[in-house]
Every structure is written in structure tokens, then in C-alpha cells.
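In case you want the letters, here they are:
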Amino acid sequence: MAATEDGVVVDLAAHRRRELRPEPVDAAPPLLRTVYGEVLRDERRDQDRTLADVATQVGMSKQYLSEIERGRKEPSSEMLHSICGALGLPVESLLFRGARRLGALRQLRRRPVAPVAPVAPVSGSRVELRAA
């Protein structure tokens with residue numbers, strides 16, 4: 001369910017889930033393989049390419065490539081080089097983008113998290129239902 005407040009659509013269900021879920025205080029930083037997998041997946045999707053297309057070009061199964069993208073498998077440097085080559089992504093760019101993501105996550109964890117104020121319905125406001 002969504003509500004409009006001052007012209008902004010608010011997902012009330014997501015807002016309530018955030019209120020109920022405690023923020024991890026000292027959450028471990030993500031594994032490097034997870035960050036690299038996210039970068040590779042983003043690059044592949046930006047190019048509108050399928051797992052099967054890239055996996056075939058690299059010479060691996062699409063299941064294995066999917067596991068790499070999800071951070072479940074830790075590929076060798078040779079495998080990363082091959083995947084980057086298939087995507088036309090310089091390995092240096094993978095390393096740089098991964099380091100940038102880790103730095104951004106570190107900065108987010110340093111910031112104090114302000115409690116989320118409950119959203120009160122505005123009188124006369126309209127409630128819209130949005131499908132996820």
C-alpha cells in the first residue's frame with residue numbers, strides 16, 4: 001500500500017518493514033567476491049546481455065557465471081580476466097569500481113542512522129496501491 005504525502009508516494013509496507021527490522025550495528029563488510037560479482041552483473045545488464053551469452057563467450061556454464069555474479073563463488077584472477085574480456089571491461093575498471101563501492105559502503109556505515117519518523121496520513125490525501 002502506498003500513500004501520497006506532499007506529492008511523494010510512500011510505500012507504507014516497506015516503511016513498516018524498516019521500522020521492525022533492527023539496523024545491524026557492526027555488520028561485516030561485504031566480501032570482495034560479492035562486490036566484484038555485483039559490478040560484473042551491472043556491466044552485463046547495462047549491455048543488455050544474457051548470462052548464457054557471456055558464459056558461452058567465456059567458456060563456462062551460465063550457472064557458474066550466475067554464482068560468480070551473486071558472490072557465491074570466488075573466481076580466479078584468470079576467470080575474472082576472461083569475464084571482463086567478454087564484457088569489454090578492463091580489469092582495472094572492475095577493481096576501481098569494486099573499490100569505490102566498498103568505500104561508499106564504509107562511509108554509509110560510519111554515518112549515524114537517524115530513526116525513521118512514522119508517516120502520518122495527511123487529511124484529504126489520496127492512497128494509491130502500487131504493484132511491486
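As a reminder, the structure under discussion sits directly above these lines.
Residues numbered from 1 in each chain as written. Predicted model: local features only at pLDDT ≥ 70, side-chain atom pairs only at ≥ 80, totals over all residues. Heavy atoms only, no water.

Attention now goes to helix α4 (residues 62-69). Residues of α4 that are buried: L65, S66, I68 and E69. End-on view of α4: buried residues confined to an arc of 160°, all on one side of the axis. The secondary structure elements touched by the buried residues of α4 are α2 (32-46), α3 (51-58) and α5 (77-87). G71 sits one or two residues past α4 and shows a positive phi near 80°. (Buried < 20%, exposed > 50% of the residue type's maximum accessible area, 1.4 Å probe, protein only. Helix = DSSP H or I, 4+ residues; strand = E, 2+ residues; numbered from the N terminus. Arc of directions from axis to C-beta. Contact = heavy atoms within 4.5 Å.)

In the contact formed by α3 and α5, the axes pass within 9 Å of each other and the chain directions differ by 120°. With respect to each other, α3 and α5 are oriented oblique. In this structure, α3 meets α5 at a crossing whose hand is right-handed. For the pair α3 and α5, contact is made by V54, Q57 and V58 and by M79, S82, I83, A86 and L87, respectively. For the contact of α3 with α5, the class distribution of residues is 6 nonpolar, 2 polar and no charged. (Axes fitted to C-alpha atoms, helices over the stretch in contact; angles between N-to-C directions. Parallel < 35°, antiparallel > 145°, perpendicular 65-115°, else oblique. Left-handed = near helix turned anticlockwise from the far one by under 90°. Nonpolar A, V, L, I, M, F, W, Y, C, P; charged D, E, K, R; others polar.)

This brings us to the packing of α2 against α4. At a closest axis distance of 7 Å, the pairing of α2 and α4 adopts a crossing angle of 120°. In terms of orientation, α2 and α4 fall into the oblique class. Along its contact with α2, which presents R33, G37, E38, L40, R41 and R44, the element α4 presents S66, I68 and E69. Residues belonging to the contact of α2 with α4 are distributed by class as follows: 2 nonpolar, 2 polar and 5 charged.

Here the focus is the pattern of salt bridges. Opposite charge on two side chains allows them to pair when their charged atoms are near. Inspection of the entire model under this criterion finds 7 salt bridges. The residue E38 makes a salt bridge to R101 at a minimum N-O spacing of 3.4 Å. Of this pair, E38 sits in helix α2 while R101 is found in helix α6 (residues 91-110), placing the two residues 63 residues apart along the sequence. Relative accessible area serves as the criterion here: at 35%, E38 is assigned to the partly exposed category. Between R41 and E69 there is a salt bridge, and its shortest N-O distance comes to 3.4 Å. Of this pair, R41 sits in helix α2 while E69 sits in helix α4, and the two are 28 residues apart along the sequence. Classification of E69 as buried rests on a relative accessible area of 3%. The structure contains a network of salt bridges with shared partners spanning E38, D42 and R101. (Salt bridge = Lys/Arg side-chain N within 4 Å of Asp/Glu carboxyl O.)

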